Amino acid sequence: MTDADERGDISLLNYFVGYVVILGAMVGLASLGNQLLGIDPVRMVCLCCGLLFGCAAIGKPRELYLVIRNTGWFHHIRNPVAMRTVLTLFALLLLALGALAPNGALK
C-alpha cells in the first residue's frame, strides 16, 4: 500500500459520521457492559477503545482507519508503518489497562 493510499481521502461527511458512530458505540457498549455484565464503564471503554485501535491498526474496516488516521495529531504521522505501530501500541495499552487494572483504579 502506498503512502497516498494510506493517507486516503475521506469526505467531511463520512469523517463526521464515522466519528459520531465511534463515540456513540463507545458510550453504548460501556453502558451495556455495565448493565448486563457489571463491568465498570471506564474499564469497558478502555477495552472497546483498545479493540477499536486494534481494528484500525490492521485497516479493517478501511473507513475506521481513515477516520482515526485523519483525527488530531495522528494526521501528522507521515510514515504508514509508524502510524500502524502507534495504533497497535495504543491498542495493547488500552486492552491491558482495561483487562488488568485493579477494580476502582480507573476512576
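So, how was this worked out
Residues numbered from 1 in each chain as written. Predicted model: local features only at pLDDT ≥ 70, side-chain atom pairs only at ≥ 80, totals over all residues. Heavy atoms only, no water. 1 Å grid on protein atoms, 1.4 Å probe; cavity = no way out; pocket = protein on both sides within 12 Å on 5 of 7 lines; lining within 4 Å. Points joined across faces, edges and corners; volume = space filled by probe spheres on them. Helix = DSSP H or I, 4+ residues; strand = E, 2+ residues; numbered from the N terminus. Nonpolar A, V, L, I, M, F, W, Y, C, P; charged D, E, K, R; others polar. pLDDT = per-residue confidence, 0-100. Contact = heavy atoms within 4.5 Å. Expected span 1.5 Å × (residues − 1). Buried < 20%, exposed > 50% of the residue type's maximum accessible area, 1.4 Å probe, protein only. Arc of directions from axis to C-beta. Polar contact = N/O pair within 3.5 Å; in protein donor to acceptor, adjacent residues only side chain to side chain. Axes fitted to C-alpha atoms, helices over the stretch in contact; angles between N-to-C directions. Parallel < 35°, antiparallel > 145°, perpendicular 65-115°, else oblique. Disulfide = S-S within 2.5 Å.

(A) View of the layout of surface pockets. The space that makes up the largest pocket amounts to roughly 210 Å³. Taken together, the elements giving at least two residues each to the lining of the largest pocket come down to helix 2 (12-37), helix 3 (41-58) and helix 4 (62-69). At four residues, helix 2 tops the list of elements feeding residues into the lining of the largest pocket. Counted by class, the lining of the largest pocket contains ten nonpolar, one polar and no charged residues.

(B) Structural view of the confidence of the model for the protein chain. In this model, the protein chain carries a mean pLDDT of 83, and residues with pLDDT of at least 70 account for 88%. For the protein chain, per-element mean pLDDT is lowest for helix 1 (residues 3-7), which scores 50, and highest for helix 5 (residues 80-100), which scores 93. Per-residue pLDDT stays below 50 along residues 1-5; that stretch engages in six contacts with residues further than four places along the chain or on separate chains.

(C) Focus on helix 5. For helix 5, with 21 residues, the first-to-last C-alpha span of 30 Å sits near the 30 Å given by 1.5 Å per residue. For helix 5, the complete set of buried residues consists of P80, M83, R84, L87, A91, L94 and G98. Seen along its axis, helix 5 keeps its buried residues to an arc of 95°; they face one direction. Structural note: helix 5 exposes V81, L89, L92, L93 and L100 on the side pointing more than 90 degrees away from its buried face. Two or three places before V81, at the opening of helix 5, N79 has a side-chain oxygen 2.8 Å from that residue's backbone nitrogen.

(D) Looking closely at the packing of helix 4 against helix 5. Contact geometry for helix 4 and helix 5: axes closest at 12 Å, N-to-C directions at 95°. Here helix 4 lies roughly perpendicular to helix 5, going by the angle between them. Contacts between helix 4 and helix 5 involve Y65, I68 and R69 from the first element and M83, R84 and L87 from the second. A class-by-class count of the residues in the contact of helix 4 with helix 5 yields four nonpolar, no polar and two charged.

(E) Spatial organisation of the packing of helix 3 against helix 4. At a closest axis distance of 8 Å, the pairing of helix 3 and helix 4 adopts a crossing angle of 105°. The angle between helix 3 and helix 4 falls in the class roughly perpendicular. Residue-level inspection shows L52, F53, C55 and A56 of helix 3 in contact with helix 4, the latter providing L64, Y65 and I68. Among the residues forming the contact of helix 3 with helix 4, the class breakdown is seven nonpolar, no polar and no charged.

(F) Structural context of the state of the cysteines. Going through the model one piece at a time under the given rule, you end up with zero disulfides. As a non-bridged cysteine, C49 has C48 as the owner of its nearest cysteine sulfur, 7.0 Å distant.

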